[in-house]
Amino acid sequence: MVGRRYGGANTPAATRLFVALVIACAIVGGQAGCSLIGGRTVSQDETTETNLANQRKVALIFWRDYANPALTNIRFTDEGNKPGFGAPWSANAVVTVGGQGFNEILGAEVWGGDPLPAPAHGSTVGPITVTYSDGTQELVQ
Amino acid sequence: MTTAYDFKSIAGEVYAVDPLKKTPPLAAGATFKAPATGQEYLVVHTATNPVNGFQGMAVVPVVNGVPDYSQMIVSYAGTNPDHRADLIADVVTVVGLKSGPGTQAADALSFADQARAKAAKRDGGVPPSVSTTGHSLGGYLAMLVAAERRWQSTAFNGPVPWEDLSPEAKAWLKAEVEAGRFPLTDYVNEYDIVGNSVFNWLGTIVHVRGTPLKDVLSYHDLEDAFEFDGDGAVVGVGVPGRTDQEILANLMDKDAPALSWLLVPALAATMNALRDPAVGSTVGMLVSGLIVTVDTVAAMSMSSTVLGAADSLRAIKSINAGLEEQLQAGLTGAMSAVNLFPFVTERDVLECVETHKLEVRHNLDLAAVAEVGRLVDDHIETIFRLSAGIGQAVSHAIAQDRQWAQAYGGR
């Protein structure tokens, strides 16, 4: 095992205070939607523009990773967010496979939700329509 | 074998069980794949507690299309800053070192027991081997549950829960470590203020190399704080870790090196305020204490911003103060340059300057500059009064909190 060490620069009493400070900073972030550390605001909430860009990014990842020609549509049902302090961004979407809708949560690395039909071995992607949360559509092929 | 990357993926997915953040949320019966190994997982149990902000998820691997109930991973969500309850839970559970009924720690233990029983029921009564994971507050819960139940845990940027463990759990953990086994592994980015905020009991923390001068949140962010190699192992483990001063200096130097002199005292003032027994002991015990802490940090941040404006005003004054000198230097330079021409005498130059009224006194309204200086002084004084007022408001709030604490007998 690497990197193990005992002790450190901190002492238990001081570190409890430090935790309080850290969490208090997080709380300020929570109340204002941002935190004030390092002299500027660091937003936890992304802009609509960024969320829409993220939707496109995760839609393409899902389309390539799932690689099922029966997939015809991805419709985002919310704008997407980071559901926790330091959590990965994800968005709810209904994906249509073989005419049936499945509720999925699409992230940049992991997507999950309703169990999806397994694509046939060696199957490739087909064209799909992506409907973003602002109602715009894009044909991906 | 479950890799660190798999654990990180599971630790990230548990955030999706929050019905206030995901519609619909991830629920029992859902599946997802870990990107590193392509391992599919089936969600077998989830729980949320809107009162204290708790969220848990238990998964089992799907092997050849069939859920393997002999092994289970229990994951806990970290803080959701949008939930006031969750923030209070952070303070009560992590800072207040509380694990009694109604806390997230109690819910985490209960959830793990339920999930284990559920898996056992589906596997002919044979309980699964269980490991836990989580990020941030979720990592804290994961390590606490693992130690109490004698399981393995892989956490990310979580405060080590040593002081909340039962004597039995502490004894077990100590014996395990002395035997060369490390049942708890907490990967902490060397610059993360949350994971590094608590003492590294029994070498639980494995520090991970971070890139200096990035945003504070990126060191805590599950996606940004860690990199993995092709085998799913964390890259850059084994660095010695940083002192509090090094971590804070890195954060300050990122965006506002010029304001470090201002921000460091502000943070130090906040820490000093928390060292006051009247504040420190109420944190985690009274909501009023929490609010005071919030307001203290907010006020200090506001005070820093306000004082930053004074800095800009000082810069204006400094430039104005040098105007006369700068103009004179420009004129002198021009006069010297013209003298380089052999057909121009010094007298010619002086006559030209006089004729065209090029002297500084003709081109600089010193009275106006002085007036600007006076106004700037006025503004700086106002700023300091405002800053002092914020400080006084904080002091009053702390004093008020002390009275409330005594009135309610909370300490």
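Residues numbered from 1 in each chain as written. Chains lettered and ligands numbered in written order. Predicted model: local features only at pLDDT ≥ 70, side-chain atom pairs only at ≥ 80, totals over all residues. Heavy atoms only, no water.

Asker: Can you lay out the overall build of chain B for me, pointing to particular residues and giving the numbers?
Answerer: Within chain B, the regular secondary structure consists of 14 helices and 9 strands. Burial analysis of chain B (411 residues in total) assigns 52% to the buried set. Sequence separation of at least 24 residues holds for 60% of the intrachain contacts in chain B that already meet a minimum separation of 6. When the accessible surface of chain B is summed, it comes to about 18100 Å², and 58% of that surface belongs to carbon and sulfur atoms. (Helix = DSSP H or I, 4+ residues; strand = E, 2+ residues; numbered from the N terminus. Buried < 20%, exposed > 50% of the residue type's maximum accessible area, 1.4 Å probe, protein only. Contact = heavy atoms within 4.5 Å. Areas by Shrake-Rupley, 256 points an atom, 1.4 Å probe, with all protein chains shown as cover.)

Asker: For the overall build of chain A, give the residues involved together with the corresponding values.
Answerer: From N to C terminus, chain A includes 2 helices and 8 strands. The order of α-helices and β-strands along chain A, N terminus first, is α-β-β-α-β-β-β-β-β-β. A buried classification covers 53% of the 141 residues belonging to chain A. Excluding contacts between residues fewer than 6 apart, the proportion of contacts in chain A whose partners are at least 24 apart in sequence is 46%. On chain A, roughly 6100 Å² of surface is accessible, and the fraction owed to carbon and sulfur atoms is 53%.

Asker: Tell me about the packing of aromatic side chains, and please be specific about residues and values.
Answerer: Residue and element names in this part refer to chain A. Under the criterion given, the structure shown has 13 aromatic pairs over all chains. Here the aromatic rings of Phe62 and Tyr66 are separated by 5.4 Å at their centres, their planes lie at 20 degrees, and the arrangement is stacked. With Phe62 and Tyr66 both in helix α2 (residues 48-66) and 4 residues apart, the pair spans about one turn of that helix. Classification of Phe62 by relative accessible area gives buried; the value is 0%. The class of Tyr66 is buried, set by a relative accessible area of 5%. (Phe/Tyr/Trp six-rings, centres within 6.5 Å; stacked < 30°, edge-to-face > 60°.)

Asker: Break down unusual backbone geometry for me, with residues and values.
Answerer: With an omega dihedral of -5 degrees, the bond running from B:Thr23 to B:Pro24 counts as a cis peptide bond. Despite not being glycine, A:Ala67 has its phi angle at roughly 45 degrees, a positive value. Along the chain, A:Ala67 turns up in the loop between α2 and β3 (71-76). On the accessibility criterion, A:Ala67 (16% relative accessible area) is buried.

Asker: Explain the nonpolar core residue by residue, including any values.
Answerer: With 43 residues, the main nonpolar core has B:Met72, B:Val74, B:Tyr76, B:Leu141 and B:Val145 as its most contacted residues. Sorting the residues of this core by element identifies β2 (40-49), β3 (54-63), β5 (71-76), α3 (104-121), α4 (137-149), α5 (167-178) and β8 (184-189) of chain B as the ones contributing at least two each. Among the elements that make up this core, the one with the highest residue count is α4(B) (9 residues). Ranked by size, the runner-up nonpolar core spans 31 residues in total, among them A:Ile105, B:Tyr5, B:Leu26 and B:Ile73. (Core = buried A, V, L, I, M, F, W, Y, C linked by side-chain atoms within 4.5 Å.)

Asker: Please give an account of the environment of B:Glu40 that cites residues and values.
Answerer: All names here are of chain B. Tracing the backbone shows Glu40 in strand β2. Remark: the alpha-carbon pair of Glu40 and Ile316, spanning 276 residues in sequence, is separated by 62 Å. With sequence-adjacent residues up to four places away left out, Glu40 is seen in contact with Thr31, Phe32, Lys33, Val60, Pro61 and Val62.

Asker: Go over the pattern of salt bridges, please, and point to the residues and values.
Answerer: Two side chains that carry opposite charge are able to pair once their charged atoms sit near each other. Residue and element names in this part refer to chain B. Here the structure, examined in full by the defined rule, presents 8 salt bridges over all chains. Measuring nitrogen to oxygen at the nearest pair gives 3.0 Å for the salt bridge that ties Glu176 to Arg181. Residue Glu190 is joined to Arg242 by a salt bridge in which the shortest nitrogen-to-oxygen separation is 2.8 Å. With Glu190 in the loop between β8 and β9 (205-208) and Arg242 in the loop between α6 (216-220) and α7 (244-255), this residue pair connects regions lying 52 residues apart in the sequence. (Salt bridge = Lys/Arg side-chain N within 4 Å of Asp/Glu carboxyl O.)

Asker: Tell me about α4(B), residues and numbers included.
Answerer: Residue and element names in this part refer to chain B. Between the first and last C-alpha of α4 there are 18 Å, a value that for 13 residues agrees with the 18 Å anticipated at 1.5 Å per step. Burial of α4 is extensive: 12 of the 13 residues sit out of reach of the surface. The positive-phi residue at the C-terminal boundary of α4 is Arg150, with phi of around 65 degrees. (Expected span 1.5 Å × (residues − 1).)

Asker: Account for the environment of B:Gln114, with residues named and values stated.
Answerer: Topologically, B:Gln114 is positioned in helix α3. The sequence separation of B:Gln114 and B:Thr355 amounts to 241 residues, and the corresponding C-alpha distance is 96 Å.

Asker: Please set out the pairing of strand β5 (residues 100-107) of chain A residue by residue, giving values where relevant.
Answerer: All names here are of chain A. Sheet topology note: the strand β4 (residues 90-97)/β5 ladder contains 8 bridges and is antiparallel. Bridge pairing in β5 links Val95 to Phe102. Hairpin connection between β4 and β5: a loop of 2 residues separates the two successive antiparallel strands, and Gly98 in this loop has a positive phi of roughly 60 degrees. Sheet analysis places β5 next to strand β6 (residues 111-113), joined by 3 bridges and oriented antiparallel. (Pairing = 2+ DSSP bridges.)

Asker: If you had to explain the side chain of B:Glu13 to someone new, which residues and values would you point to?
Answerer: Looking at the secondary structure, you find B:Glu13 in helix α1 (residues 4-13). In contact with B:Glu13, not counting residues within four places along its chain, are A:Val110, A:Gly112, B:Leu26, B:Phe32 and B:Met57.

Asker: An account of α2(A) is requested, with residue identities and associated values reported.
Answerer: Residues and elements named next belong to chain A. Here α2 spans 26 Å end to end across 19 residues, near enough to the 27 Å set by a 1.5 Å rise per residue. Here α2 has its buried residues at Asn51, Asn54, Gln55, Val58, Ala59, Leu60, Ile61, Phe62, Trp63 and Tyr66. Tucked into the core, α2 has its buried residues touching β3, β4, β5, β6, β7 (128-131) and β8 (137-140). Following α2 by one or two positions, Ala67 adopts a phi angle in the positive range, close to 45 degrees.

Asker: Account for the pairing of β5(B), naming residues and giving values.
Answerer: Residue and element names in this part refer to chain B. Taking burial as the measure, the 6 residues of β5 include 5 buried ones, the bulk of the element. Taken together, the 4 bridges between β3 and β5 define a ladder with antiparallel strand orientation. Across the sheet, residue Ala58 finds its bridge partner in β5, namely Val74. Where β5 lies against strand β6 (residues 129-135), 6 bridges are found, and the strand directions are parallel. Bridged to Val74 within β6 is Thr132.

Asker: Give a description of the packing of α3(B) against α4(B) that names residues and reports values.
Answerer: Residues and elements named next belong to chain B. Packing of α3 against α4 leaves a shortest axis separation of 10 Å and a crossing angle of 55 degrees. Between α3 and α4, the interaxial angle falls into the category oblique. As for the relative orientation of α3 and α4, their crossing is right-handed in sense. Across from Gln104, Ala105, Ala108, Leu109, Ala112 and Asp113 in α3, the residues of α4 making contact are Leu137, Leu141, Leu144, Val145, Glu148 and Arg149. Considered class by class, the residues forming the contact of α3 with α4 number 8 nonpolar, 1 polar and 3 charged. (Axes fitted to C-alpha atoms, helices over the stretch in contact; angles between N-to-C directions. Parallel < 35°, antiparallel > 145°, perpendicular 65-115°, else oblique. Left-handed = near helix turned anticlockwise from the far one by under 90°. Nonpolar A, V, L, I, M, F, W, Y, C, P; charged D, E, K, R; others polar.)

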